[in-house]
Amino acid sequence: PHRPINLLSMPHSPSSATPPPSSPSTTPTSTSSAPSTCSSSSPSWWSALARRWAAGAVAGAVEAVITMPFELTKTQQQLGSKISPSLPKSPKAVPRANIGVVGTMRYVVQQNGIGGLFYGLPIQLIQTAGKVGIRFSAFEQYKIAICADPGRATRNEEFVAGCAAGATEAALWITPCERLKVLRQAQIGVNNPLHTSWTKSLALIVEEQGISGLYRGLAATTLRNGLSIGIRFALYSQIKEMLEPSPGEKRKRASKGGWESLVAGAAVGAFTTVLNNPIDVVKSRMQADSQGGGKSAPEFRSTWHCITAIKERDGLYGLLFRGLSARLVKISTGQAVIFFIYEHAKALTDQFLA
């Protein structure tokens, strides 16, 4: 019988020796060998890294298109009690905070049409394709760096590698992209919107605030992604194995991702969403603040100031649960799509590009 293969692990070099079977009392998380002969300077290492990044980018792009309306809805709910200076102060103009997912979507369509549900999609595509590519490729590299045997990483090692990968994608890619996306999404219902495209927002923020203006909310974004990705990688394969009829046997379709990938991805997505929602609320408020163009002065001096201001204005509920319902739909669906598509894309890239 074959052992289950962890599809997130890097393929070993053809010249690598096959590891000896483990004892019956040990249940390895993966049976692929460590890339012992695949150094960072070898062509096979770069090829494997590129394939992981490509598979992740495809999965991220598909997820962005499918979940964008819920992404915009959760941002609108999280910004619901913050009125833009150019937004008419009427009851109709600020119904976003407490009217639910469907009500918020209806409001967006009334204000900006169906296209309003996809405000920020171009930068979201760039962000998601890039971040998922970074995530999976960085995860494998951190496993190589910290694990005694990357092919048989423990849950704790997967958690640490996942946290490091999440922090990396947040610092390198997500924070500036999220800043531009949130600025665009904050324009729903605004007369004479300032941020009409991510390119114009980029030019304006860099001109007025410098590169550091793109990194507003960095601490909250890094904390949110680091913990979330660590937990997802640590739990995903375990949940997937629990769902399989014969956890100790490799089935033919497992290498391409079956329904187990969808369920396990949705489960880890929902779990981490509930845990990190307060951090996401703070991130959204920080990144919608200080829009530039003379429209508004910075409201929050720091991450902690943002937390205390939200609690004072919206109460503990606003800090903990604002936008949670839309985020649950968005992230559970998104993670199901990402893991499912990634495993299929990875199988194709390994088949045709290896």
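What counts as what
Residues numbered from 1 in each chain as written. Predicted model: local features only at pLDDT ≥ 70, side-chain atom pairs only at ≥ 80, totals over all residues. Heavy atoms only, no water. Core = buried A, V, L, I, M, F, W, Y, C linked by side-chain atoms within 4.5 Å. Buried < 20%, exposed > 50% of the residue type's maximum accessible area, 1.4 Å probe, protein only. Helix = DSSP H or I, 4+ residues; strand = E, 2+ residues; numbered from the N terminus. Axes fitted to C-alpha atoms, helices over the stretch in contact; angles between N-to-C directions. Parallel < 35°, antiparallel > 145°, perpendicular 65-115°, else oblique. Left-handed = near helix turned anticlockwise from the far one by under 90°. Expected span 1.5 Å × (residues − 1). Bend = angle between axes of the 7 residues up to and from the residue. Phe/Tyr/Trp six-rings, centres within 6.5 Å; stacked < 30°, edge-to-face > 60°. Salt bridge = Lys/Arg side-chain N within 4 Å of Asp/Glu carboxyl O. Contact = heavy atoms within 4.5 Å. Arc of directions from axis to C-beta. Patch = residues over 30% accessible without salt bridge, like charges linked within 9 Å, V, L, I, M, F, W, Y side chains within 5 Å. Areas by Shrake-Rupley, 256 points an atom, 1.4 Å probe, with all protein chains shown as cover. pLDDT = per-residue confidence, 0-100. Nonpolar A, V, L, I, M, F, W, Y, C, P; charged D, E, K, R; others polar.

**Some words on the nonpolar core**
Right, so step 1: The biggest cluster of nonpolar side chains holds 18 residues, and the ones touching the most others in it are F136, F139, F233, Y236, I338, F339 and Y342.
Right, so step 2: When residues of this core are assigned to their parent elements, the largest contribution, five residues, is made by helix α3 (residues 121-146).
Right, so step 3: Core analysis: the second largest hydrophobic core is formed by ten residues, I279, V282, C306 and A309 among them.

**Some points on the packing of helix α6 (residues 218-243) against helix α7 (residues 259-288)**
Right, so step 1: Close contact between α6 and α7 brings their axes to 8 Å; oriented N to C, the two are set at 165°. Overall, the two elements α6 and α7 adopt an arrangement that is roughly antiparallel. Our pair here, α6 against α7, has a crossing hand that is right-handed.

**Digging into α7**
Right, so step 1: Over its 30 residues, α7 extends only 37 Å from the first C-alpha to the last, a length that falls short of the 44 Å expected when each residue adds 1.5 Å.
Right, so step 2: Roughly 60° is the biggest bend found in α7, and it falls at N276, with proline P278 one to four residues downstream.
Right, so step 3: Within α7, 21 of the 30 residues are buried, which leaves the element mostly enclosed by the surrounding structure.
Right, so step 4: Directly beyond the C-terminal end of α7, a positive phi value near 55° is found at S290.

**Side note on the packing of aromatic side chains**
Right, so step 1: Summed over the entire model, instances satisfying the criterion amount to seven aromatic pairs.
Right, so step 2: Considering the side-chain rings of F136 and Y342, the 3.7 Å spacing of their centres and the 10° angle between planes classify their relative orientation as stacked. With F136 in helix α3 and Y342 in helix α9 (residues 324-353), the pair connects residues that are 206 residues apart, well separated along the chain.
Right, so step 3: Overall, the relative accessible area of 1% leaves F136 in the buried class.
Right, so step 4: Centre to centre, the rings of F233 and F339 are 6.4 Å apart; their planes meet at 85°, and the pair counts as edge-to-face. Here the residue F233 occupies a position in helix α6, and F339 occupies one in helix α9, the gap between them amounting to 106 residues.
Right, so step 5: Overall, the relative accessible area of 3% leaves F339 in the buried class.
Right, so step 6: Each residue in the set F136, F139, F233, Y236, F339 and Y342 is aromatic and connected to the rest through ring pairs, giving one cluster.

**Things to note about unusual backbone geometry**
Right, so step 1: One non-glycine residue, N192, lies in the positive phi region at around 50°.
Right, so step 2: Structurally, the position occupied by N192 is in the loop between α4 (155-185) and α5 (198-209).
Right, so step 3: Even without being a glycine, S290 presents a positive backbone phi close to 55°.
Right, so step 4: Counting through the fold element by element, S290 comes out in the loop between α7 and α8 (303-321).

**Re the pattern of salt bridges**
Right, so step 1: In total, this model carries 22 salt bridges according to the counting rule given.
Right, so step 2: A salt bridge links R51 to D350; the shortest N-O distance between them is 2.9 Å. Here the residue R51 occupies a position in helix α1 (residues 43-78), and D350 occupies one in helix α9, the gap between them amounting to 299 residues.
Right, so step 3: Here R224 ties to D280 by a salt bridge, and the two come within 2.5 Å at their closest N and O atoms.

**Let's talk about the side chain of K330**
Right, so step 1: Topologically, K330 is positioned in helix α9.
Right, so step 2: Overall, K330 belongs to the buried group, its relative accessible area being 7%.
Right, so step 3: When residues no more than four places from it in sequence are discounted, the contact partners of K330 are E63, T67, F70, E71 and Q124.

**A look at α5**
Right, so step 1: Between the first and last C-alpha of α5 there are 16 Å, a value that for twelve residues agrees with the 16 Å anticipated at 1.5 Å per step.
Right, so step 2: Those residues of α5 not exposed but buried are S201, L204 and I205. Along the axis of α5, the buried positions cluster into a sector of 95°, meaning they face one direction only.
Right, so step 3: Summarising the contacts, the buried residues of α5 are in contact with α4.
Right, so step 4: Downstream of α5 by one or two residues, G210 has phi in the positive range, about 80°.

**Side note on a nonpolar patch on the surface**
Right, so step 1: A grouping of I146, F159, V160, L223 and L227 is seen on the molecular surface, where their side chains present a nonpolar patch of about 410 Å² in accessible area.
Right, so step 2: Listing elements by their share of the nonpolar patch, those giving two or more residues are α4 and α6.
Right, so step 3: Taking relative accessible area as the criterion, I146 reaches 41% and is therefore assigned partly exposed.

**Here's the deal with the confidence of the model for the chain**
Right, so step 1: On average, residues of the chain score 81 in pLDDT, and 78% of them reach the 70 mark or higher.
Right, so step 2: Confidence, read as mean pLDDT per element, is least for α1 in the chain (89) and greatest for α4 (95).
Right, so step 3: Considering only residues more than four positions removed or in separate chains, one finds that residues 1-39, a stretch of pLDDT under 50, has 80 contacts.
Right, so step 4: Counting contacts from residues 81-95, a segment whose pLDDT is below 50, to residues more than four positions away or on other chains yields 29 contacts.

**Description of the packing of α7 against α8**
Right, so step 1: Between α7 and α8, whose axes approach to 10 Å, the crossing angle comes to 125°. Of the possible angle classes, the one that applies to α7 and α8 is oblique. At the point where α7 passes α8, the crossing takes the right-handed sense. Residues N277, P278, V281, V282, R285 and M286 of α7 form the contact with α8, whose own contacting residues are T303, C306, I307, I310, R313, D314, G318, L319, L320 and F321.
Right, so step 2: Of the residues that constitute the contact of α7 with α8, the class distribution is ten nonpolar, three polar and three charged.

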